[in-house]
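Listed below are the residues making up each chain.
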Amino acid sequence: MKSAVVCGAGGFIGHHLVRKLKGLGYWVRGVDLKEPEFSPTDADEFLLLDLRQPELCRQALAPSGTASAEPIQEVYQLAADMGGMGFIHSAECEIMVNSALANLHMIQAAADAKVHSYFFSSSACVYSDQAPGSDLIDEEGAYPALPDNEYGWEKLYAERVALAFARNHGLRVRIARFQNCYGPEGTWEGGREKAPAAICRKVAEAKPGERIPVWGDGSALRVYTYVDDMVEGIVHLMRSAEERPTNLGGTEITSVTELAQAVIELSGKDLGIAYVDGPVGVQARHHSMERCQAIGWHTRWSLREGLAVLYPWVKAQAERNQAGS
Ligand code: NAD
């Protein structure tokens, strides 16, 4: 039986990844500062550990609880001090310190424990801004580097750390640059939520005839990736021979206005949009998906199909909150 440690298993993508790996027959240990918020973990073991501490990273990778007590084979490092644009622009120091510490100590612990394979979750935020309609850039286009925010710089540095460990310690490293990921059981309120969940919440809470606030002028372009596709992509990349950082996302480029309109339509409510000041991030992302498609993976969920799952989930959360208040 294969063994895996998922760091950040109390968070959105990590929680879904644990479920995926269990479905594939793995023995899984989840690690996080907190347990998953919306449903119990599927992990065989769940440890509450602060991965900024080197000794706790070593504890996270202690031999597995399977009968043979074998060394852990695969580590998936998704733990990060993380949020949408509102959080990224207001917590620069926390992001650059907390996420960097977890990344540095975890990869060192993985090399020391001689784990076989190490996955690192990077981000489309490593790229600089692009003008709408630009040509697609591939992964090498991240250099010369000019990420739009400190979160992107930290990811780029952590990628380089992971690649250095691959060269110098023989660690088998795989690096994915996630495009915006969305789906149920992710943060939907409180300041760390990302645009799809935030818009679903605003629509769910709006009364007919109101206008929902959207940051910026709505023209920013993004690729939104449904979480089931993303965890499938992580597994594909981990099993592939691709050693270079690899974009994971679809090819459907959507403006924030189109995202908001799609959610409004799903809600069946008569709502408008009010464009307000707020941190928007880059103007456009035109990133090639050729590399991830070459390993035999592509997204299956359209944005509308994914939102048709996310919107009712967020609406139910909002209604439950309201009933409890
Ligand atoms: P998330 O915030 O839901 O999950 C991250 C988890 O890491 C949280 O549960 C948090 O408690 C945990 N964590 C933070 N600091 C920790 C520490 N010191 N020790 C232990 N656990 C700690 O975020 P997510 O959306 O699931 O993202 C997972 C990964 O993917 C992150 O590395 C993120 O940067 C990356 N990513 C996500 C997206 C996206 O759209 N969600 C896009 C690009 C990259």
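Residues numbered from 1 in each chain as written. Predicted model: local features only at pLDDT ≥ 70, side-chain atom pairs only at ≥ 80, totals over all residues. Heavy atoms only, no water.

**Q** I'd love a proper account of the overall build of the protein chain, names of residues and values included.
**A** For the protein chain, the count of helices and strands is 10 helices and 13 strands. Relative to the compact-globule value of 20 Å for 325 residues, the protein chain shows a C-alpha radius of gyration of 19 Å, a close match. Dimensions of the protein chain along its principal axes, counting C-alpha atoms only, are 60 × 50 × 40 Å. Among the 325 residues that make up the protein chain, the fraction classed as buried is 54%. Put simply, the protein chain shows about 14000 Å² of open surface, and 51% of that area lies on carbon and sulfur atoms. Side-chain charges of the protein chain comprise 31 positive and 42 negative groups, with the mean position of each set lying 3 Å from the other. (Helix = DSSP H or I, 4+ residues; strand = E, 2+ residues; numbered from the N terminus. Rg over C-alpha atoms; globule rule 2.2 N^0.38 Å. Buried < 20%, exposed > 50% of the residue type's maximum accessible area, 1.4 Å probe, protein only. Areas by Shrake-Rupley, 256 points an atom, 1.4 Å probe, with all protein chains shown as cover. Lys, Arg positive; Asp, Glu negative; His and termini not counted. Charge placed at Lys NZ, Arg CZ, Asp CG, Glu CD.)

**Q** So what about the side chain of Thr254? Which residues, and what values?
**A** As for its placement among the helices and strands, Thr254 is situated in strand S12 (residues 253-255). Its relative accessible area of 5% is what places Thr254 among the buried residues. Not counting residues up to four positions away in its chain, the partners in contact with Thr254 are Ala220, Leu221, Arg222, Tyr224, Leu259 and Leu303. (Contact = heavy atoms within 4.5 Å.)

**Q** I'd like a description of the pattern of salt bridges, backed by residues and values.
**A** Per the counting criterion, the structure on display carries 15 salt bridges. A salt bridge links Arg291 to Glu139; the nearest nitrogen and oxygen atoms lie 3.7 Å apart. You can see Arg291 sitting in helix H9 (residues 290-294) and its partner Glu139 sitting in the loop between strand S5 (117-123) and helix H5 (150-169), a full 152 residues away along the chain. Considered together, Arg291 and Glu139 belong to a single accessibility category, that of buried residues. Note that Arg244 and Glu242 form a salt bridge whose closest N and O atoms lie 2.8 Å from each other. Through salt bridges with shared partners, one network takes in Arg19, Asp42 and Glu185. (Salt bridge = Lys/Arg side-chain N within 4 Å of Asp/Glu carboxyl O.)

**Q** For the packing of helix H6 (residues 195-205) against helix H8 (residues 256-267), give the residues involved together with the corresponding values.
**A** Where H6 contacts H8, the axes come no closer than 10 Å and their chain directions differ by 40°. Taken together, the axis directions place H6 and H8 in an arrangement best described as oblique. Crossing of H6 over H8 shows right-handed handedness. Together, Ala195, Pro196, Ile199, Cys200 and Val203 of H6 and Val256, Leu259, Ala260, Val263, Ile264 and Ser267 of H8 make up the contact between the two elements. (Axes fitted to C-alpha atoms, helices over the stretch in contact; angles between N-to-C directions. Parallel < 35°, antiparallel > 145°, perpendicular 65-115°, else oblique. Left-handed = near helix turned anticlockwise from the far one by under 90°.)

**Q** Give me the lowdown on the pairing of S5, citing residues and values where you can.
**A** With 7 of 7 residues buried, S5 lies mostly within the body of the structure. Here S5 shows no split at all, with Ser117, Phe119, Ser121 and Ser123 on one side and Tyr118, Phe120 and Ser122 on the other all buried. The pairing of S5 with strand S6 (residues 172-178) spans 7 bridges and is classified as parallel. Within the sheet, the bridge partner assigned to Phe120 lies in S6 and is Ile175. Where the polypeptide runs from S5 across H5 and back to S6, its parallel neighbour, the crossover connection is right-handed. (Pairing = 2+ DSSP bridges. Right-handed = clockwise from strand over helix to strand, strands pointing away.)

**Q** Help me get a handle on helix H10 (residues 303-324), residues and values and all.
**A** In this model, H10 (22 residues) spans 31 Å end to end at C-alpha, consistent with the 32 Å of a helix rising 1.5 Å per residue. Within H10 the residues assigned to the buried category are Leu303, Gly306, Leu307, Leu310, Tyr311, Trp313, Val314, Gln317 and Ala318. Contacts made by the buried residues of H10 are with strand S7 (181-182), H6, strand S10 (225-226), S12 and H8. (Expected span 1.5 Å × (residues − 1).)

**Q** Can you lay out unusual backbone geometry for me, pointing to particular residues and giving the numbers?
**A** A cis amide bond links Tyr143 to the next residue, Pro144, at an omega of -5°. One can find Pro144 in the loop between S5 and H5. Although it is not a glycine, Lys114 adopts a positive phi angle of roughly 55°. With respect to the helices and strands, the residue Lys114 is situated in the loop between helix H4 (92-112) and S5. The residue Glu185 is not glycine, and still its phi comes out positive at about 70°. Note on placement: Glu185 falls in the loop between S7 and H6.

**Q** Residue-level account of the sheet that holds strand S3 (residues 45-48), with values.
**A** Spatially, the 7 strands line up as an open sheet ordered S3-S2-S1-S4-S5-S6-S11, and their pairing is parallel. Each edge of the open sheet is held by one strand with a lone partner, namely S3 and strand S11 (246-248). Taking the axes of each pair of neighbouring strands and ignoring which way they run, one obtains an average angle of 20° across the sheet. Relative to S3, strand S2 (residues 27-32) runs parallel, the two being bridged by 4 bridges. Residue pairing in the sheet places Gly30 in a bridge with Phe46 of S3. Contacting strand S1 (3-7), strand S4 (74-77) and S5, H4 runs over the sheet at an angle of about 165° to S5. The sheet strands contacting helix H7 (residues 227-239) are S4, S5, S6 and S11, and the helix crosses S6 at an angle near 150°.

**Q** Give a description of the site of the ligand that names residues and reports values.
**A** Residues in contact with the ligand amount to 25 residues; listed here are only the nearest, Ile13, Asp32, Tyr151, Cys181 and Lys194. For the ligand, an oxygen atom lies 2.8 Å from a polar atom in the backbone of Ile13. Between Lys34 and the ligand, the recorded distance is 3.4 Å, taken from a side-chain N or O atom to an oxygen atom. Relative to its unbound accessible area of 820 Å², the ligand is 93% covered by the protein chains. When contributions to the shell around the ligand are tallied by element, the ones reaching two or more residues are helix H1 (12-23), S5 and H5. For the shell around the ligand, the element with the most residues is S5, which contributes 3 residues. Residues of the shell around the ligand, tallied by class, amount to 12 nonpolar, 7 polar and 6 charged. (Near = heavy atom within 4 Å. Polar contact = N/O pair within 3.5 Å; in protein donor to acceptor, adjacent residues only side chain to side chain. Nonpolar A, V, L, I, M, F, W, Y, C, P; charged D, E, K, R; others polar.)

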